[in-house]
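Below, each chain spelled out in residue letters.
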Amino acid sequence: MTGPDDVEDEQQQIGAFARFLISHHAPLLRSIVLSPDPNLHYPLLVDFAELLDFDPSLAHLLFSRSSHLLPLFDEAARRCQVFLHFLFSASMQCNPDDLGHKASKKYHVHVRINVGGSPLESPETFPSIGRIRVKHRGILLTLKGTVIRSGAIKMIEWEQLYECRRFKVHPELEAGKSIKPPTSCPSRGSKTCEGTYFAPIEDSKVCHDYQEIKIQESTQLLGVGSIPRSIPVILMNDLVDMVKAGDDVIITGVLSAKWSSDLKDVRCDLDPILIANYVRRTNQLKSEIGIPDDVIKKFEQFWLHYKMAPLRGRNAILQGICPQVFGLFTVKLAVALTLIGGVQHVDASGTKIRGESHLLLVGDPGTGKSQFLKFAAKLSNRSVITTGLGSTSAGLTVTAVKDGGEWMLEAGALVLADGGLCCIDEFDSMRAHDRATIHEAMEQQTISVAKAGLVTTLSTRTIVFGATNPKGQYDPNQALSVNTTLSGPLLSRFDIVLVLLDTKNPEWDAIVSSHILAMNGEQGSKNDEFIDNIWSVVMLRRYIHYAKQRFKPVLTKESERVISSYYQLQRRSAIHNAARTTVRMLESLIRLAQAHARLMFRNEVTQLDAIAAVLCIESSMTTSAIVDSVGSALHSNFTDNPDEECIL
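Residues numbered from 1 in each chain as written. Predicted model: local features only at pLDDT ≥ 70, side-chain atom pairs only at ≥ 80, totals over all residues. Heavy atoms only, no water.

Undergrad: I keep staring at the pairing of strand β21 (residues 496–500) and nothing clicks. Help me out?
TA: Side chains on a regular strand alternate between the two faces of the sheet. Counting buried residues in β21 gives five out of five residues, a clear majority hidden from the surface. Across the two faces of β21 the burial is the same, with I496, L498 and L500 and V497 and V499 all buried. (Buried < 20%, exposed > 50% of the residue type's maximum accessible area, 1.4 Å probe, protein only. Helix = DSSP H or I, 4+ residues; strand = E, 2+ residues; numbered from the N terminus.)

Undergrad: Whenever I open this one, the packing of aromatic side chains confuses me. Can you help?
TA: Here the distance between the centres and the angle between the planes together describe a pair of aromatic rings. As enumerated under the stated definition, the model contains 14 aromatic pairs in all. For the ring pair F302 and W535, a centre distance of 5.2 Å and an interplane angle of 90 degrees mean the geometry is edge-to-face. One end of the pair, F302, is in helix α5 (residues 293–305); the other, W535, is in the loop between α14 (522–534) and α15 (537–550), with 233 residues separating them in the sequence. Under the relative-accessibility criterion, W535 is labelled buried at 5%. Every member of this aromatic cluster is reached through a ring pair, and the members are F299, F302, W303, Y306, W535, Y543, Y546, F551 and F601. (Phe/Tyr/Trp six-rings, centres within 6.5 Å; stacked < 30°, edge-to-face > 60°.)

Undergrad: Please explain the nonpolar core as it appears in this structure.
TA: Looking at soluble globular proteins, one finds that nonpolar side chains tend to be buried together. Core analysis: the biggest nonpolar cluster contains 69 residues, and V331, V335, F372, F465, L589 and L599 have the highest contact counts within it. When residues of this core are assigned to their parent elements, the largest contribution, nine residues, is made by helix α7 (residues 329–340). Ignoring any residue separated from it by four or fewer positions in sequence, one finds V335 in contact with I321, L359, F372, A376 and F465. (Core = buried A, V, L, I, M, F, W, Y, C linked by side-chain atoms within 4.5 Å. Contact = heavy atoms within 4.5 Å.)

Undergrad: Explain the environment of R112 to me, please; I cannot follow it from the model alone.
TA: Tracing the backbone shows R112 in strand β2 (residues 109–114). Taking the C-alpha atoms as reference, R112 lies 8.6 Å from V279; in sequence the two are 167 residues apart. At a separation of 2.5 Å, a polar atom in the side chain of R112 contacts the side chain of D238. A polar side-chain atom of R112 sits 3.0 Å from the main-chain carbonyl oxygen of N277. (Polar contact = N/O pair within 3.5 Å; in protein donor to acceptor, adjacent residues only side chain to side chain.)

Undergrad: Would you mind showing me how to read the pairing of strand β8 (residues 230–236) here?
TA: The element β8 is largely enclosed, with a buried count of five among its seven residues. Of the pairings in the sheet, the one linking strand β7 (residues 206–216) to β8 comprises seven bridges and is antiparallel in character. Opposite I213, over in β8, you have V233 as the bridge partner. Here two bridges tie β8 to strand β10 (residues 271–281), and the two strands are oriented parallel to one another. Counterpart to I234 in the pairing with β10 is I275. (Pairing = 2+ DSSP bridges.)

The following block contains the structure:
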């Protein structure tokens, strides 16, 4: 029960909050007062750093007693409207058109606390989800993670008047979503009210929007062997429907505990839950990597050094990709072009043509497919490695799961890797529902969902890097769809499909065995140290990110002529590769040529870039007049003088 002293303290705190809002947020409050719809919920964003400068003791109270002080902050925002409305009305004589008939008090104003740039960004108040402890309960806490589940938007009974002395009753979010009748009267008089019968007042019920989501900490920030932890989050009012499965978010709120109070003879377990106050999407920050100026200068000096031999410089970069695997020049070039990607094109009607490329490796066991998958994941700051079956019921795309009697969307690997890379081993072992939806995810880069009454569209702007084994003995005379369990339309989504066959080649076996033995000797350790100093994993990751952000290559007339001539030739001779000689091939050629121009550190697609794109496409063909034979990508090696051997 609240005493008189507590009531007086609350009024003082509300007054302090009101003074802060009037001095720092009067224009925003004025716009809320002038808004026409009084039934909407209006957010009022407040920086915690500003409140800390205004009144440190009040800011500390808000941090340490958030569940009690946040409603008082909302009440202060409502009272400020009355004061500002009075000022505006007094000024109407000078400017009568300023207010019109729109000015009115808004009862649904919610103060949202942004902790950015304040001391609350410290590890103690901004922990990872896996480090949440009891000491964090009740304080203003900030968590960062990825939305893995999102429930439907529902209504929750938020207020109900009961008649004894007419008092409001609110639900306990931790115990359920419904209001339970009171057991005693919260009278604040000198004598305690002993009433036990309370009748609900008709038409006094107030409902708010309500949604539950679940966020999971990023796997990129975890060590090897660590299990990513997750926590449910309650969103209410203006915060609902702000995020979808797969979004990266930073959520500020109050940590509480949820329990079920209706189960008899069952131990009551307390599960942590975050009641959100402020939600910020960070999708636009997914691919941001800090690159120092001295590193950028190293890139520029590198290409200045190889100005007269650009292909040798390119090969020096490619040799840093999966250096433990000898040779495989074609595969390493394909990996580099896939990770860098082309430029997204958006026409006047808003139709988008993806800039991300997709790569599929089809090969015998022991040809290094998984090695390339794992190394490619290291080169992307946002990546998900999985198998065709998927690690959860969501599989690769998305599924609807029932959690606590409520249907929720659970994001799969492609959605969680949005804006990054999705490495899929055993690509041919996909689930049935994934096979039906992955076509849209790879080409349109969205997933349309209509499951269990949940209808939405999720983003999958993801690079897909797949690996699979052939179905039995690979037959070069048959189409790729026959040698694998993948359909032609699905294979056509991949820009590059490389076949790695472990054919018996004594000369190649001797070279590979010498390389493996040398890696374990003194010379091998020296070579590893040399590669690490020049193009380490960190350096490659920075280079790929910088090339993607800085360069937006455009086609020249010479490159257009090469791409157009090759495409027309393939259309005329399309026999075994009919599924891959559609317009998608032309788009793939453009993407790969742009990616090669980025790899070569330039903003212009030259004839050389177009030829490199043609060679990558030819390596994907079952029969090729340019590449020696199918499966030769496994035996492709780096040449000593690539610039001299290249004849344009």
